[in-house]
Amino acid sequence: MPDYHINDKWILNRVSSQSETFDSWLSNLLSSVEKSIEDIDSKVFEELEKQKVGIPKDQIKKEITKAKKEITNAKKELQNLGSLGKLIPKISSEVFEWLGKNREENFLLESKNVKFDEFEPDFDLDFITGKKKNLSSALLDVSKERGIDIKGVLYLIEALPDLEAFLYSTSVKKHYRDHTEHALRVAVLGDFLLEQDFENGDLAGIISEITGLDKHLFTEKFWWITGIIHDLGYPLGKMSTAVNYSLLNQLLKCYPTLDLEFIPCEIGLSWKGKQEGYLKIIEEGLSDEARLLIRKGAGFDIKEFPVPNPEIFLKEPNGHREFEFKGNYNLDHGVLSALCLLNGLGSPDEIRKNVEYQGYILAAKAIALHNFKSVLPDFNFDENPLAFFLVLIDELQEWGRPIPLQVRDTYFTTELEKVTLLDELELHIDEFAWFMQFKNERAKKLMNFDFKLFSKNKGNSLMRLNTGEKFSSTSLHLQDIELVKSKKKKQNIIAYNKIII
C-alpha cells in the first residue's frame, strides 16, 4: 500500500477534488489577480505617472511584466495543484504598495481622469498583496458546503482569522499557534482516515455503527462540523491573558517613572440566560470526571462574576515589575466551542426534541472533551468513538502551524517572526504508523526546541486514548533530524521516540 506525505499540498489536493467551491476559489483567485494586473497596465499607468509618485516609468513596466509571468507560471501550477503559497504572485514592490495605500484612501476611485467602474469589483488587493491567509481564506466556503449553516457559527468562522491576527501579535508569551488553517487540516486528515479499511471494515462504518448515525451524514456533514468547529472557542479562552499580558505590560514598560493603577480585564460566560441548559446537554452520558472538567472549563463553578481588585504599580529604580495576570476563569476552548455550536441550533428544549440534532449533540460532546489531558473513560473508542477520533487527529496535525516569536528592539518597534517546526506528516498506511521528522534547524534554534519535552508532552496527550476492541493499534514515531552538509545531503537521527496508541 502507498505511503502518504501529508502536508498542505496534499490537503489542497483533497479539498479541491471534493469541493466545487474551493476549486472555483482557486481559479477565481488567479482570475482576480490577472484581471487586476491587466487593468493596472491599461488604466492606472498614466495616473501613476501623472501623480509623480517617484516611481520610474521603466520600473512600473518591469513590475507589471514580472507579475504577468508569475500569473502564467501559477496557472501551470494550478493544473497540478502545487502549493497555494506559490499560486499567489508575491508582488510587494513599492508600485503595488502605492496602489494599496491610495486605494484605501479612495484616491483612485475619486480620480476624474480615470474610469474605475469596471476596475474596482475585480481588484482584490488582499489576494494580490498576499494579506489573505492560505487555507483560512477558503474555510468559510468549505464550512458551508459541509452543512454548517448556523449563522452565529459561520460569522465566527469568518471572523476567526482577524481574532487570530490579534492573538498572534499579543499572546506571544504563550506561543500562540494557528487554529484557523489547523481546523481545515484536521477536518481533511480525518476525512481521509475515515475512508481507510481496518479489520472490521472502513473506519467511517465502524464509527457509524457505534454511534447510530447514518454513515453518509456522518462522513459528509458531522465529521466536518466536528473538525472545523473544534477550536472556535480558542480566541475567547485566551483573550483575557492576551489583553492583560500584552497591553498592560507594554504600558508598564513605557511609563516606568509613573505610579500606575489599573483594573485587569477578564472575560467569562454569563449564566443568567439559558447557557446552563446547553451545558447539561453536553454533560449527559459522560463520566463524572468529564462533567466536573466541563463545568470548570465553562466557568460554571463561579456563581457571580468576580469584581477584580485594582493592581498598583509604584515606580521603582529599575522600572515596574512585570504584571502576571491570574484570572478567576480557566476557560477551556473545547467547551466554549461546543457551546457555540449548540447555541446556534436553537433553545435547549428544541435541541432535545429534534431527533435530527443527534449528530450535532455527539459532535458537541467530542468537541467539549478534546482538550482535556486527563485519562478519562470517555476517550475509549468503543464507547465514544468521535471524541477518540478528534483527539487523535488533533494531536497528529502538527505540520504547518507557525509559532510567533516577538523581538523587541525598543518599546515602540516590534518584529514578529513566525517559525514552523514541521513541514509534513508521513503515514505508512500498511503499518498504520505516523512519522514526525523535525528537520528545520533554524526553527528549532529560534524556539529553543526541546525534543525530549515535546516527546513527553505528546506521549501524555496520546496516552489518554483507549483503542478498545474496535480501533486498530497505531504508532507515532518522533525523530529529531540533523542535516549533514555534504554533496549527498545526508541526515542523521539524533533523537527518537515511539508512542504506541
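Everything here concerns the structure above.
Undergrad: Hey, could you go over the packing of helix 11 (residues 181–194) against helix 13 (residues 215–229) for me, with residue numbers and the actual values?
TA: Contact geometry for helix 11 and helix 13: axes closest at 8 Å, N-to-C directions at 145 degrees. Considering only the axes of helix 11 and helix 13, their crossing is right-handed. On the side of helix 11, the interface is formed by A183, L184, V186, A187, V188, G190, D191 and L194, while helix 13 contributes F218, T219, W223, W224, G227 and I228. Looking at the contact of helix 11 with helix 13 residue by residue, the classes come out as ten nonpolar, three polar and one charged.

Undergrad: Go over the sheet that holds strand 9 (residues 433–438) with me, naming the residues and quoting the values.
TA: Spatially, 1-8-9-10-11 is the arrangement adopted by the five strands of the open sheet, whose pairing is mixed. Of all strands in the sheet, those bounded by a partner on one side alone are strand 1 (3–6) and strand 11 (491–500). Each adjacent strand pair in this sheet contributes to an overall mean axis angle of 20 degrees, direction not counted. Bridge count between strand 1 and strand 8 (residues 425–428): four bridges; the pairing is antiparallel. Considered in strand 8, the bridge of H5 is made with E426.

Undergrad: Which residues make up the packing of helix 12 (residues 203–211) against helix 13, and what values do they have?
TA: Two numbers describe how helix 12 lies on helix 13: the axes approach to 9 Å, and their chain directions differ by 110 degrees. Relative to helix 13, the element helix 12 lies roughly perpendicular. In this structure, helix 12 crosses over helix 13, and the sense of that crossing is right-handed. Residues A204, G205, I207 and S208 of helix 12 pack against K215, F218 and T219 of helix 13.

Undergrad: So what's going on with the packing of aromatic side chains? Residues and values would help.
TA: Tallied over the entire structure, the rule returns 21 aromatic pairs. Ring geometry for W10 against F192: centres 5.1 Å apart, planes inclined by 90 degrees, an arrangement best described as edge-to-face. Taken together, the positions of W10 in helix 1 (residues 8–18) and F192 in helix 11 put the pair 182 residues apart, joining distant regions of the chain. The burial state of W10 is the same as that of F192; both residues are buried. In this structure, R146 is placed above the aromatic ring of W224, and the distance from its NZ or CZ to the ring centre is 4.0 Å. Over the ring of F379 we find R464; its NZ or CZ atom is 5.4 Å from the centre of that ring.

Undergrad: Got a sec to walk through the environment of N249? Specific residues and values, please.
TA: For N249, the position within the fold is in helix 14 (residues 234–254). Through-space distance from the C-alpha of N249 to that of F325 is 9.9 Å; in sequence the pair is 76 residues apart. Setting aside anything within four residues of it in sequence, one finds N249 in contact with N244, E322 and F323. Of note is the side chain of N249, whose polar atom sits 2.9 Å from the backbone nitrogen of F323.

Calculation rules
Residues numbered from 1 in each chain as written. Predicted model: local features only at pLDDT ≥ 70, side-chain atom pairs only at ≥ 80, totals over all residues. Heavy atoms only, no water. Axes fitted to C-alpha atoms, helices over the stretch in contact; angles between N-to-C directions. Helix = DSSP H or I, 4+ residues; strand = E, 2+ residues; numbered from the N terminus. Left-handed = near helix turned anticlockwise from the far one by under 90°. Contact = heavy atoms within 4.5 Å. Nonpolar A, V, L, I, M, F, W, Y, C, P; charged D, E, K, R; others polar. Pairing = 2+ DSSP bridges. Parallel < 35°, antiparallel > 145°, perpendicular 65-115°, else oblique. Phe/Tyr/Trp six-rings, centres within 6.5 Å; stacked < 30°, edge-to-face > 60°. Buried < 20%, exposed > 50% of the residue type's maximum accessible area, 1.4 Å probe, protein only. Lys NZ or Arg CZ within 6 Å of the ring centre and 35° of its normal. Polar contact = N/O pair within 3.5 Å; in protein donor to acceptor, adjacent residues only side chain to side chain.

These figures come from the coordinates and say nothing about function on their own.
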